[in-house]
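Now for the letters of each chain:
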Amino acid sequence: MQSPPVSWTAASARRMHRQGLLAPAAAAGTSPADIAGRMLGAHAQVMSAAELSIALRLDGATRTDVRDALIGSYGSDQGPRPGTLVKTFGPRGTIHLLPAHDLPWWTGALSALPGRAGTLSPEARMTATQTDEVLAAIGEALTGAELTVDELTEAIVARTGAWAADPVMPAFQTLWPRWRQVTHTAARHGVLAFGHDRGRKVTYTNPGCTPATPTRSLHELVNRYLRAYGPATAEDFAAWLAAPKSWAATLFASLAERGRIEEVPFASGRAWLAAGDTAFPDEPVRGLRLLPYFDAYVVACRPRELLFPGSAATRALAGGQAGNHPVLLIDGTVAGVWHQRRTGRRLALTVEPLGSLSTAHRRALDEQVERTGAMLEATAERRSRRDSASISGHSGKCAENVAGMRCGPMAQTRRTLIIGAASVLLLAGCESAGDPDGESHSSGTHITPLVQMEPIPVVGDPLAGVAGPTRILSELQYGHHRLIAYVKGDSCGVLAASKGDSEVNPIHLVSNWPVGGDGSNVYPLGPYNSASGGGGQKTWALLRCSKNAMVIEYSSGEEVAPEQARGPVTVAQVTDSPATSRITVGDPEARRQIEDWVKSGNQAPASRARAR
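Residues numbered from 1 in each chain as written. Predicted model: local features only at pLDDT ≥ 70, side-chain atom pairs only at ≥ 80, totals over all residues. Heavy atoms only, no water.

### Here's the deal with the overall build of the protein chain
Helix and strand counts for the protein chain come out as 16 helices and 27 strands. Looking at the 612 residues of the protein chain, the share that counts as buried comes to 55%. Sequence-distant contacts, at least 24 apart, represent 60% of the contacts inside the protein chain between residues at least 6 apart. For the protein chain, the accessible area works out to roughly 24,900 Å², and carbon and sulfur atoms hold 50% of it. (Helix = DSSP H or I, 4+ residues; strand = E, 2+ residues; numbered from the N terminus. Buried < 20%, exposed > 50% of the residue type's maximum accessible area, 1.4 Å probe, protein only. Contact = heavy atoms within 4.5 Å. Areas by Shrake-Rupley, 256 points an atom, 1.4 Å probe, with all protein chains shown as cover.)

Written out as structure tokens, the structure is:
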């Protein structure tokens, strides 16, 4: 008997109900760990966002409740106590808060994922024997302790030998010790998780977990995933987990043969549910929610075109990737974005709906603003902000405040992945290191030309083959790819190279900035000249150069966004398969104008354009 079709309305209603987004779970008898379990983990690259994700699903909870649940996870060599959270590497290899009681099957499942081909050079890699030695040393050193990276390095060397600390892993300002290539592996083996931060330093501890059987753990993961986010396809599961599609298809096929999952018509195709879990609400979902960065609902729910309908895809997705913007959710679909600015205990929230709000929605938004302030232990206030800048003939308009005034697409400064001078920072509402609150400025603000900007120091001499004086302005790393942006005389240059992969040729592009009537105004602060090229099938780059800014599109061939960056740079993800980034180099005002222009719906000509 064929199962009846499942509508998007029914699917979103069940997903929200099961996650506590329709009505928060009662605090009595429900812990933050229980909520994280229903979500299949809270993304914690931005810890404050993880705290908000969990707290908004638990009646009366605050960020302190979430922190206390995490704090209670450590401090014992007997492993984390029940009802607590563990901060560790979860799906997609990113940092998540996971329930301590689920950690055995989580680690068992993640250990069963297909490995990726390493890009380190043969002399930098660790043998199987060395890997086992390091994993044992990590587990022993971290049991009942919280150690910084340096302290853990010393402990590993004492147990294995000096080879474990050999500086062979490329980093920006240094080379990391050899053992760090198995950090994620140690987490999957249950011997490494994050401890308490010690000032600005991260610490690691041993969560005291023994991974469960891999096959049984994978089946548990699929079952939980489909109950939380089904109907879903094997491809959806692969994308959520950052696993190969073919592997996921084989896994789902085997589960279907065993009767563990069943197929139903959904959206415009067919998708899977956990066997027997076919009940869906009759009534459509109603309600308004403010969801933070990388909330599990927006990251995991598919199809994206139904969750982010129409203009929501343009405004709230970054090259198809969900989570880079906090979102306004109305009746189960994304209907806008929002951001916050905190000053002491005062919290200013600015919301940008993509359409007009009804009176009922405005009342609900007021309630959500007040609740968000309470969860973050602050006093939330309504705020309206006007952007007076005029960029390339496009006038800015007022941002939507929490009262629900209608605004245009130029209302809000673009929120992208901003990477600061020393480490990766995903900042709520930060446009650049020089503009930490995301405030707009007059378009008359002075723009510092590229040749007058301060160069940054880098390890080695990557431009040794370039004749004449150069200024390195920015340096980025994608996995094991390094990208250098520089200026020389009246030209811009970009050098992108892979470390340890002989099949990928370096990309070196140079373009003079336009003179006279040359160039084109593809971005503000032009005109621009361009150059493009590839490093084989895996990598390509496009450089656009003006006196005041350079804009680079780069695909490293890896399914990762940049891990680190230094210098005056803003990075935004353009596509995620393959991972392609737009890298804007210039002073804060130049980057703000360019990103605002892109955010308003403008687009430069297609990538891989003919080089000038």
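### Remarks on the state of the cysteines
Covalently bonding the sulfur atom of one cysteine to the sulfur atom of another cysteine gives a disulfide. For the structure shown, the criterion picks out 1 disulfide. Cys 492 shares a disulfide with Cys 545; S-S distance 2.1 Å. Disulfide Cys 492-Cys 545: torsion about the S-S bond near 70°, hence right-handed. One end of the pair, Cys 492, is in strand 20 (residues 491-498); the other, Cys 545, is in strand 23 (residues 540-545), and 53 residues separate them in sequence. (Disulfide = S-S within 2.5 Å.)

### Looking at the sheet that holds strand 8 (residues 203-205)
Across the sheet, 3 strands lie side by side as 4-8-7; this open sheet has antiparallel pairing. Across the chains shown, the open sheet's two edge strands, defined by having one partner strand only, are strand 4 (147-148) and strand 7 (193-194). Both strand 7 and strand 8 contribute to a ladder of 2 bridges, which runs antiparallel. Bridge pairing links Phe 194 to Tyr 204 in strand 8. (Pairing = 2+ DSSP bridges.)

### Points about the sheet that holds strand 1 (residues 42-43)
Ordered by their spatial adjacency, 3 strands build an open sheet running 1-3-2, and the pairing between neighbours is antiparallel. The outermost strands of the open sheet, each flanked by one partner alone, are strand 1 and strand 2 (85-89). Where strand 1 and strand 3 (residues 95-99) come together, 2 bridges link them in antiparallel fashion. Across the sheet, residue Ala 42 finds its bridge partner in strand 3, namely Leu 97.

### Re helix 1 (residues 8-19)
Its 12 residues place the ends of helix 1 16 Å apart at the C-alpha level, agreeing with the 16 Å of an ideal helix rising 1.5 Å per residue. Where burial is concerned, most of helix 1 is hidden: 9 out of the 12 residues are buried. Following helix 1 by one or two positions, Gly 20 adopts a phi angle in the positive range, close to 75°. (Expected span 1.5 Å × (residues − 1).)

### Regarding the packing of helix 9 (residues 214-229) against helix 10 (residues 234-241)
A packed helix pair is summarised by two numbers, namely the angle formed by the two axes and the spacing between the axes. In contact at an axis separation of 12 Å, helix 9 and helix 10 are set at 105° when each is read in the N-to-C sense. What the angle tells us is that helix 9 and helix 10 run roughly perpendicular. Taken together, the residues of helix 10 that come into contact with helix 9 (itself represented by Leu 221, Val 222 and Tyr 225) are Asp 236, Phe 237, Trp 240 and Leu 241. Looking at side-chain class alone, the contact of helix 9 with helix 10 contains 6 nonpolar, no polar and 1 charged residues. (Axes fitted to C-alpha atoms, helices over the stretch in contact; angles between N-to-C directions. Parallel < 35°, antiparallel > 145°, perpendicular 65-115°, else oblique. Nonpolar A, V, L, I, M, F, W, Y, C, P; charged D, E, K, R; others polar.)

### Digging into the packing of aromatic side chains
Tallying each qualifying case throughout the model produces 11 aromatic pairs. Ring plane angle 50° and centroid distance 6.3 Å describe the contact between Trp 106 and Trp 240, whose orientation is recorded as tilted. Of this pair, Trp 106 sits in helix 5 (residues 103-111) while Trp 240 sits in helix 10, and the two are 134 residues apart along the sequence. With respect to class, Trp 106 is no different from Trp 240; both count as buried. Counting every residue linked through ring pairs, the aromatic cluster contains Trp 105, Trp 106, Tyr 225, Tyr 229, Phe 237, Trp 240 and Phe 252. Here Lys 87 stacks its cationic end above the ring of Phe 194, 5.5 Å away from the centre of that ring. A cation over an aromatic ring shows up here: Arg 180 above the ring of Trp 176, its NZ or CZ 4.0 Å from the ring centre. (Phe/Tyr/Trp six-rings, centres within 6.5 Å; stacked < 30°, edge-to-face > 60°. Lys NZ or Arg CZ within 6 Å of the ring centre and 35° of its normal.)

### A look at the side chain of Arg 14
Tracing the chain through its elements places Arg 14 in helix 1. Within the local environment of Arg 14, its side chain forms a polar contact with the backbone oxygen of Ala 279, the two atoms lying 3.2 Å apart. Beyond its immediate chain neighbours, meaning those up to four positions away, Arg 14 contacts Leu 226, Arg 227, Gly 230, Leu 273, Asp 277, Thr 278, Ala 279, Phe 280 and Pro 281. (Polar contact = N/O pair within 3.5 Å; in protein donor to acceptor, adjacent residues only side chain to side chain.)

### Quick notes on unusual backbone geometry
With an omega of 0°, the peptide bond running from Arg 302 to Pro 303 counts as cis. Here Pro 303 lies in the loop between helix 12 (296-300) and helix 13 (304-307). Note that the residue after Gly 526, namely Pro 527, is joined by a cis bond; omega there is 10°. Among the structural elements, Pro 527 can be located in the loop between strand 21 (507-512) and strand 22 (529-534). For Phe 294, which is not a glycine, the phi torsion comes out positive at approximately 50°. Along the chain, Phe 294 falls in the loop between strand 11 (288-291) and helix 12. Among the residues examined, Phe 294 registers a relative accessible area of 10% and is labelled buried. For Asp 331, which is not glycine, the phi dihedral falls at a positive 55°. Inspection of the secondary structure puts Asp 331 in the loop between strand 12 (327-330) and strand 13 (333-343).

These values are about where atoms sit, not about what they do.
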